[in-house]
Amino acid sequence: MSRQYTVAVVGATGAVGVEMIKVLERRNFPVGKLVLLASARSAGKTLPFKGELVTVEELTEDSFVGVDIALFSAGSGISRKFAPLAVKSGAVVVDNSSEFRMDPDVPLVVPEINGADVKLHKGILANPNCTTAITLMALNPLHQAFGVKRVIASSYQAVSGTGAQAIAELRSQVEAIAGGRPAEKSVYPHQIAFNVLPHIDSFLNNGYTKEEMKMQNEARRILHLPDFKASVTCVRVPVYRAHSIAVTAEFDRPVSVDEARKVLASAPGLELVDDPAKNSYPLPLYVAEKDDCQVGRIRIDCAFENGLAFWVAGDQLLKGAALNAVQIAELI
Ligand code: A2P
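Residues numbered from 1 in each chain as written. Predicted model: local features only at pLDDT ≥ 70, side-chain atom pairs only at ≥ 80, totals over all residues. Heavy atoms only, no water.

### Re the overall build of the chain
Turning to step 1, where the next piece is worked out: Tallying secondary structure elements over the chain gives nine helices and 13 strands in all.
Turning to step 2, where the next piece is worked out: Its C-alpha atoms give the chain a radius of gyration of 20 Å, within 12% of the compact-globule value 20 Å for 332 residues.
Turning to step 3, where the next piece is worked out: In terms of overall dimensions, the chain has C-alpha extents of about 55 × 55 × 40 Å along its principal axes.
Turning to step 4, where the next piece is worked out: Scored against the burial criterion, the 332 residues of the chain give a buried share of 52%.
Turning to step 5, where the next piece is worked out: Expressed as a percentage of contacts within the chain between residues at least 6 apart in sequence, the contacts between residues at least 24 apart total 66%. (Helix = DSSP H or I, 4+ residues; strand = E, 2+ residues; numbered from the N terminus. Rg over C-alpha atoms; globule rule 2.2 N^0.38 Å. Buried < 20%, exposed > 50% of the residue type's maximum accessible area, 1.4 Å probe, protein only. Contact = heavy atoms within 4.5 Å.)

### What to know about the site of the ligand
Turning to step 1, where the next piece is worked out: What surrounds the ligand is a group of 15 residues, the closest being Thr 13, Ala 15, Ser 39, Arg 41 and Ser 42.
Turning to step 2, where the next piece is worked out: Within the side chain of Thr 13, a nitrogen or oxygen atom sits 2.6 Å from an oxygen atom of the ligand.
Turning to step 3, where the next piece is worked out: For the ligand, whose accessible area on its own is 580 Å², the fraction buried by protein is 70%.
Turning to step 4, where the next piece is worked out: Each residue belonging to the shell around the ligand can be placed in one class, and the counts come to seven nonpolar, seven polar and one charged. (Near = heavy atom within 4 Å. Polar contact = N/O pair within 3.5 Å; in protein donor to acceptor, adjacent residues only side chain to side chain. Areas by Shrake-Rupley, 256 points an atom, 1.4 Å probe, with all protein chains shown as cover. Nonpolar A, V, L, I, M, F, W, Y, C, P; charged D, E, K, R; others polar.)

### A short note on the sheet that holds strand β13 (residues 307-314)
Turning to step 1, where the next piece is worked out: Here we have six strands laid out as an open sheet, ordered β9-β8-β10-β13-β12-β11, and mixed in their pairing. The outermost strands of the open sheet, each flanked by one partner alone, are β9 (229-236) and β11 (270-272). Averaged over all neighbouring strand pairs, the angle between strand axes comes to 20°, with direction disregarded.
Turning to step 2, where the next piece is worked out: Of the pairings in the sheet, the one linking β11 to strand β12 (residues 293-300) comprises three bridges and is parallel in character. Paired with Leu 270 across the bridge in β12 is Cys 293.
Turning to step 3, where the next piece is worked out: Lying on the sheet, helix α4 (residues 130-146) is in contact with β8 (148-157), β10 (243-251), β11, β12 and β13; it crosses β10 at an angle near 30°. (Pairing = 2+ DSSP bridges. Axes fitted to C-alpha atoms, helices over the stretch in contact; angles between N-to-C directions.)

### Re the sheet that holds strand β2 (residues 31-38)
Turning to step 1, where the next piece is worked out: In spatial order, the strands read β3-β4-β2-β1-β5-β6-β7; together these seven strands make up an open sheet with mixed pairing. Either end of the sheet is taken by a strand with one partner, and the two such strands are β3 (46-49) and β7 (124-126). The average undirected angle you get between the axes of adjacent strands in this sheet is 25°.
Turning to step 2, where the next piece is worked out: In terms of strand pairing, β3 meets strand β4 (residues 52-58) through four bridges, oriented antiparallel. Looking across to β4, one finds that Leu 47 is bridged to Val 54.
Turning to step 3, where the next piece is worked out: The strands that helix α9 (residues 318-331) touches are β5 (69-72), β6 (92-95) and β7; relative to β5, the one it contacts most, it runs at about 160°.

### Describing the packing of aromatic side chains
Turning to step 1, where the next piece is worked out: Overall, the coordinates contain four aromatic pairs when judged by the stated rule.
Turning to step 2, where the next piece is worked out: Measuring from centroid to centroid gives 5.6 Å for Phe 146 and Phe 251, while their planes differ by 70°, and the two rings are edge-to-face. In this pair, Phe 146 sits in helix α4 while Phe 251 sits in strand β10, placing the two residues 105 residues apart along the sequence. Assigned by exposure class, Phe 146 and Phe 251 land together as buried. (Phe/Tyr/Trp six-rings, centres within 6.5 Å; stacked < 30°, edge-to-face > 60°.)

### A look at the nonpolar core
Turning to step 1, where the next piece is worked out: Core analysis: the biggest nonpolar cluster contains 58 residues, and Phe 64, Phe 72, Leu 139, Leu 142, Phe 251 and Phe 310 have the highest contact counts within it.
Turning to step 2, where the next piece is worked out: In terms of residue count, α4 provides more of this core than any other element does, eight residues in total.
Turning to step 3, where the next piece is worked out: Both domain 1 (5-127 + 322-331) and domain 2 (132-316) contribute no fewer than three residues apiece to this core.
Turning to step 4, where the next piece is worked out: Ignoring anything within four residues of it in the chain, the contact list for Phe 310 reads Ala 138, Leu 139, Leu 142, Ile 245, Ala 246, Val 247, Ala 249, Val 295, Gly 296, Arg 297, Ile 298 and Arg 299.
Turning to step 5, where the next piece is worked out: By size, the runner-up hydrophobic cluster in this structure holds 34 residues, among which are Val 16, Leu 36, Val 56 and Ala 325. (Core = buried A, V, L, I, M, F, W, Y, C linked by side-chain atoms within 4.5 Å. Domains from an automatic or database assignment.)

### Structural notes on the domain arrangement of the chain
Turning to step 1, where the next piece is worked out: With domains assigned, the chain is organised as domain 1 (5-127 + 322-331) and domain 2 (132-316).
Turning to step 2, where the next piece is worked out: Here the C-alpha centre of domain 2 lies 25 Å away from the C-alpha centre of domain 1.
Turning to step 3, where the next piece is worked out: With 19 residues of domain 1 at the interface, the matching set in domain 2 holds 18 residues.
Turning to step 4, where the next piece is worked out: In total, domain 1 and domain 2 occlude about 1500 Å² of area from one another, counting both sides; carbon and sulfur atoms represent 59% of this.
Turning to step 5, where the next piece is worked out: Interface area lost by domain 1 to domain 2 is led by Leu 108, Glu 112 and Ile 113, which between them contribute 33%.
Turning to step 6, where the next piece is worked out: Those elements giving two or more residues to the side of domain 1 that touches domain 2 turn out to be α1 (15-26) and α3 (111-114).
Turning to step 7, where the next piece is worked out: Here the side of domain 1 that touches domain 2 is composed, by residue class, of ten nonpolar, two polar and seven charged. (Buried area = accessible area lost by both parts, 1.4 Å probe.)

### Let's talk about α4
Turning to step 1, where the next piece is worked out: Compared with the 24 Å implied by 1.5 Å per residue over 17 residues, the 24 Å span of α4 between its first and last C-alpha is a close match.
Turning to step 2, where the next piece is worked out: In α4, a bend of some 40° at Leu 136 exceeds every other bend along the element.
Turning to step 3, where the next piece is worked out: In terms of residue burial, α4 counts as a mostly covered element, since 15 of its 17 residues are buried.
Turning to step 4, where the next piece is worked out: Between a side-chain oxygen at the N-terminus of α4 and the backbone nitrogen of Thr 131 the separation is 3.1 Å; the capping residue is Asn 129.
Turning to step 5, where the next piece is worked out: In the stretch just after α4, Gly 147 is the one whose phi turns positive, near 75°. (Expected span 1.5 Å × (residues − 1). Bend = angle between axes of the 7 residues up to and from the residue.)

This is the structure we're talking about:
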């Protein structure tokens, strides 16, 4: 019998954690034992895995004894404290938070792009920011064909990227407004229902948000392109699930729509949905719960030399988080 692994999911009750459990099951990952970890609030709850109910345990310093692979998605603070403890116990960590993404000792990996970097790990591997991962699924094949220099992008990000509480907030605001009651807010600084917020993560001194700078900083590592530049505006939209990104990219070499469509149609993990005459383009509603990202609206950019504009969408809980993490674990 092939080897089975003890796999821990840290943040198992969260929006991403729940997806991690489903992806492990769906991809038939060789799980001998599944350890589900969350805060004390969730200890004793059960979650389904392969037809059985697994009890959630409180995360403690001793949680990682006997664990081979630990998938973390409980925020940066938890990763900072517990990922090194997991490694000390002998586990390999795949971390979905931003805590270690810029650490030169921690490979930052999208398996379809830089899977070979996995072997450089020293115990911790990082999963990229969700918007960055989805954008790069389309940008990297174009980069391989034409050589990317810089991009300008705007994101349309779903509330599930913020977590389970934000999903509940959008739902309750929609219900309140439809019922003629005032919308209450606690997760976002403004009402998210029937609104868009040009504010994701905290603001930096340069006027961008942290989320916006992740595209440039993380893409440099994933694409191995230290001079890559990205000017991004990240926007939260009242969509439950799946992020979309409008991208204008400038390349070293001349681009053509036909050639771009050809390389995108054959890229792994990506589906070309690009028939505007039939109103066919990627939509968050339809890409939700799909493993593959989708790209469309491909056109020669009218403002840049060697520029191409496109629209890419993907389920940020899957390719942007849980699926990518499990794919990394498969490579390990
Ligand atoms: P819990 O459900 O017990 O609060 P989301 O991103 O959807 O908000 O989920 C965050 C995840 O991180 C949840 O599983 C949550 O568990 C977990 N989490 C939050 N704080 C802690 C903590 N102090 N210790 C362990 N897990 C935590």
